Amino acid sequence: MSVSRRAARAGLRSRAATKERAVTREARALERAGTERGEGTATATPEAPQDAAGPEPEPVQKPPLFRPAVRKRLVPYWLLLPGILWLLIFFAAPLIYQASTSVQTGSLEEGFKVTWHFQTYWDALSAYYPQFLRSVLYAATATVMCLVLGYPLAYLIAFRAGRWRNLVMILVIAPFFTSFLIRTLAWKTILSDSGPVVGALNSLHLLDVTSYLGITEGQRVLATPLAVVCGLTYNFLPFMILPLYTSLERIDPKLHEAAGDLYARPVTTFRKVTFPLSMPGVVAGTLLTFIPATGDYINAELLGSADQKMVGNVIQSQFLRVLDYPTAAALSFILMAAILTMVTVYIRKSGTEDLV
Amino acid sequence: MTALTRWIRRNLVVIAGFGTLAYLILPNVVVLVFSFNKPNGRFNYEWQRFSTDAWTDPCGVADLCGSLSLSLKIAVWATIGATLLGTMIAFALARYRFRARSSVNSLIFLPMAMPEVVMAASLATLFLNMGVDFGFWTILIAHIMFCLSFVVTAVKARVMSMDPRLEQAAQDLYASPAQTFLRVTLPIAAPGIAAGALLSFALSFDDFIITNFNAGSTVTFPMFVWGSAQRGTPVQINVIGTAMFAVAVLCVLAGQLAGARRKRS
């Protein structure tokens with residue numbers, strides 16, 4: 001009977017649990033689900049030859065009873081298995097391992113032992129709290145800057161670009177195919193002491209203002225907080241624009257017309273209609289910018305000086321230069337905990353938990 | 001004057017948007033311009049005079065092209081691995097209701113919500129303590145790990161928005177499961193899979209933080225650039241940056257043209 005043959009075929013497939021087969025097996029399961037759903041109509045229709053590709057006409061029957069049902073329930077697990085194992089071994093396990101490293105003491109020569117030395121956390125925090133605060137401050141500033149700069153562009157692409165939409169989209173994404181480090185180094189040229197930015201700020205007498213605010217120093221922009229925040233903003237801007245664009249694009253333009261018909265001025269329309277409806281994009285964008293920006297150390301390293309070091313720089317140097325693994329682990333853990341706490345609070349406050 | 005101010009006010013969003021666009025593209029212009037520079041010292045930060053030396057000899061710097069091909073190799077393998085594993089997970093998540101679904105979802109989400117430096121340091125700690133030699137394989141493992149979530153997200157979105165009735169229709173028309181998958185499911189999911197693959201290629205090729213922790217003495221292209229920022233950047237780096245930009249734009253444009261042609265026919 002065709003049903004038993006199908007079961008046998010499926011049995012063969014389940015033994016060979018290679019990745020490619022898992023995909024086709026999933027297709028089989030989809031097919032079975034399909035026949036189950038369309039059962040009533042399928043049995044009602046007269047038997048017809050299946051297809052030229054099929055070996056022989058297959059009468060459509062009630063789905064088999066026991067084994068395929070179990071197997072169908074197992075299909076998602078087989079699909080998940082390799083990828084989830086990968087994540088468990090190379091993502092989750094290392095985090096747990098790092099937790100144990102953070103309470104170890106010892107040295108590179110003698111080896112490290114778990115001694116439940118929680119003091120490391122306290123020492124790390126008291127030694128490096130300026131870097132922590134600076135990371136959060138810089139990342140938050142860059143996130144706000146990204147929102148301010150990114151929103152008009154996302155809006156432009158979603159509503160005003162018309163047939164140029166694809167072209168503008170390419171122009172947003174394409175710069176990011178040049179290596180991120182090369183572009184960050186280009187900022188070094190743009191912000192350099194004899195470069196255009198310093199010149200422009202100087203001629204507008206803004207350097208004195210920014211120095212007074214403490215975001216630049218003397219006649220320089222490079223190696224100041226302004227440069228680091230500028231680099232962070234630049235590097236994480238697409239992560240803001242893309243989710244903003246996605247959520248703006250979903251808004252029905254008729255809503256804008258409706259607001260206009262009800263005598264709302266453009267600003268009011270934006271405030272009462274567009275912005276609230278784009279909140280999922282704002283939340284997603286701010287998270288996608290803030291989280292990586294907090295852990296980043298490339299901008300601080302290339303565009304800042306020793307006074308702009310962020311927590312990522314500390315972790316990097318503790319791990320790769322000082323080789324003090326417990327401190328690096330403790331710092332990573334504090335950073336992770338801080339970010340997860342902030343993100344959770346933020347998601348709760350913004351009320352879009354269904355986002356993730 | 002009032003006409004101008006009115007125009008400005010009406011197109012404020014467009015003006016601001018183009019300002020941001022200029023901000024995004026500015027460094028690429030600088031990279032392009034400085035690829036024709038002939039610097040005086042080791043550092044290529046100040047304009048000296050025009051020269052095409054770097055363009056005629058892009059591999060003229062030791063280790064540059066080696067690191068580039070290593071990065072390409074890693075990116076290709078990481079893309080293949082992450083796309084395969086990620087597409088499977090995405091189908092499971094989009095198509096099935098099963099226990100542990102929400103925990104799987106959070107396990108997928110976490111790597112994207114984690115600062116890279118934390119992931120990098122923890123994975124390196126594991127490798128270090130397992131006594132694994134750092135190099136090609138550790139980089140590849142790390143890259144597949146962090147690209148996976150992005151592939152899952154891209155493919156899942158596409159599969160979720162797909163109409164299940166299309167597959168049912170194929171079944172009703174007596175398509176075999178394999179045919180249904182190859183001729184209906186896969187073509188519909190393909191843009192999502194392609195987006196995921198493209199994203200993981202770009203992420204892997206460009207990754208510095210995770211690679212820096214897990215590479216040992218192996219030097220990928222971003223690591224070469226990082227090193228050169230300290231030792232002096234050769235102009236060739238700008239050449240390669242410009243070439244990457246050009247190739248990307250050409251690829252995207254070709255894709256757009258192909259899409260437009262398909263729509264027309």
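In this text the structure is predicted, and so the values were computed from the model without any measurement.

**Quick notes on the overall build of chain A**
Here comes step 1: Per the secondary structure count, chain A includes 16 helices and two strands.
Here comes step 2: Taken over 356 residues, chain A has a buried fraction of 47%.
Here comes step 3: Long-range contacts, defined here as pairs at least 24 residues apart, represent 66% of the contacts in chain A between residues at least 6 apart.
Here comes step 4: Approximately 17,500 Å² of chain A is accessible, and the part contributed by carbon and sulfur atoms is 65%.

**As for the state of the cysteines**
Residue and element names in this part refer to chain B.
Here comes step 1: On inspection of all chains with the given rule, the structure shows one disulfide over all chains.
Here comes step 2: Here C59 engages in a disulfide with C65; their sulfurs sit 1.8 Å apart. Given an S-S torsion of about -90°, the disulfide between C59 and C65 has left-handed geometry.
Here comes step 3: You can call C59 partly exposed: its relative accessible area is 45%.
Here comes step 4: Here C147 stays unpaired: no disulfide links it, and the sulfur of C251, its closest cysteine neighbor, is 18 Å away.
Here comes step 5: On the accessibility criterion, C147 (0% relative accessible area) is buried.

**Quick word on the nonpolar core**
Here comes step 1: The biggest cluster of nonpolar side chains holds 139 residues, and the ones touching the most others in it are L153(A), I298(A) and F213(B).
Here comes step 2: For this core, the element with the highest residue contribution is helix α4 (residues 64-95) of chain B, accounting for 15 residues.
Here comes step 3: Ignoring anything within four residues of it in the chain, the contact list for L153(A) reads V168(A), V172(A), I241(A), G17(B), T20(B), L21(B) and L24(B).
Here comes step 4: Core analysis: the second largest hydrophobic core is formed by eleven residues, Y138(A), A142(A), F290(A) and A300(A) among them.

**Considerations on the packing of aromatic side chains**
Here comes step 1: Scanning all chains against the criterion turns up 26 aromatic pairs over all chains.
Here comes step 2: Taken together, a centroid distance of 6.5 Å and an interplanar angle of 65° make the contact between Y155(A) and F270(A) edge-to-face. With Y155(A) in helix α5 (residues 119-160) and F270(A) in helix α12 (residues 266-277), the pair connects residues that are 115 residues apart, well separated along the chain.
Here comes step 3: In this structure Y155(A) comes out as buried when scored by relative accessible area, which is 16%.
Here comes step 4: With centroids separated by 5.3 Å and ring planes inclined at 90°, the aromatic side chains of F136(B) and W137(B) adopt a geometry described as edge-to-face.

**Focus: the packing of helix α6 (residues 116-130) of chain B against helix α7 (residues 136-160) of chain B**
Residues and elements named next belong to chain B.
Here comes step 1: Running from amino to carboxyl end, α6 crosses α7 at an angle of 140°, the nearest separation of the two axes being 11 Å. Between α6 and α7, the angle falls in the class oblique. Crossing geometry of α6 relative to α7 is assigned as right-handed. Contacts between α6 and α7 involve M119, L123 and F127 on the former and, on the latter, T138, I141, A142, M145 and F146.

**Focus on the UniProt feature "transmembrane region" (unreviewed entry) in chain B**
All names here are of chain B.
Here comes step 1: Under the feature "transmembrane region" (unreviewed entry), the UniProt entry names residues 12-36, 74-94, 106-128, 134-155, 184-205 and 235-255.
Here comes step 2: Taken end to end, residues 74-94 has its terminal C-alpha atoms 29 Å apart, with 100% of it in helix and 0% in strand.
Here comes step 3: With 91% helix and 0% strand, residues 134-155 has end C-alpha atoms that lie 31 Å from one another.

Calculation rules
Residues numbered from 1 in each chain as written. Chains lettered and ligands numbered in written order. Predicted model: local features only at pLDDT ≥ 70, side-chain atom pairs only at ≥ 80, totals over all residues. Heavy atoms only, no water. Helix = DSSP H or I, 4+ residues; strand = E, 2+ residues; numbered from the N terminus. Buried < 20%, exposed > 50% of the residue type's maximum accessible area, 1.4 Å probe, protein only. Contact = heavy atoms within 4.5 Å. Areas by Shrake-Rupley, 256 points an atom, 1.4 Å probe, with all protein chains shown as cover. Disulfide = S-S within 2.5 Å. Core = buried A, V, L, I, M, F, W, Y, C linked by side-chain atoms within 4.5 Å. Phe/Tyr/Trp six-rings, centres within 6.5 Å; stacked < 30°, edge-to-face > 60°. Axes fitted to C-alpha atoms, helices over the stretch in contact; angles between N-to-C directions. Parallel < 35°, antiparallel > 145°, perpendicular 65-115°, else oblique. Left-handed = near helix turned anticlockwise from the far one by under 90°. UniProt positions renumbered as here; feature names shortened; annotations may be inferred.

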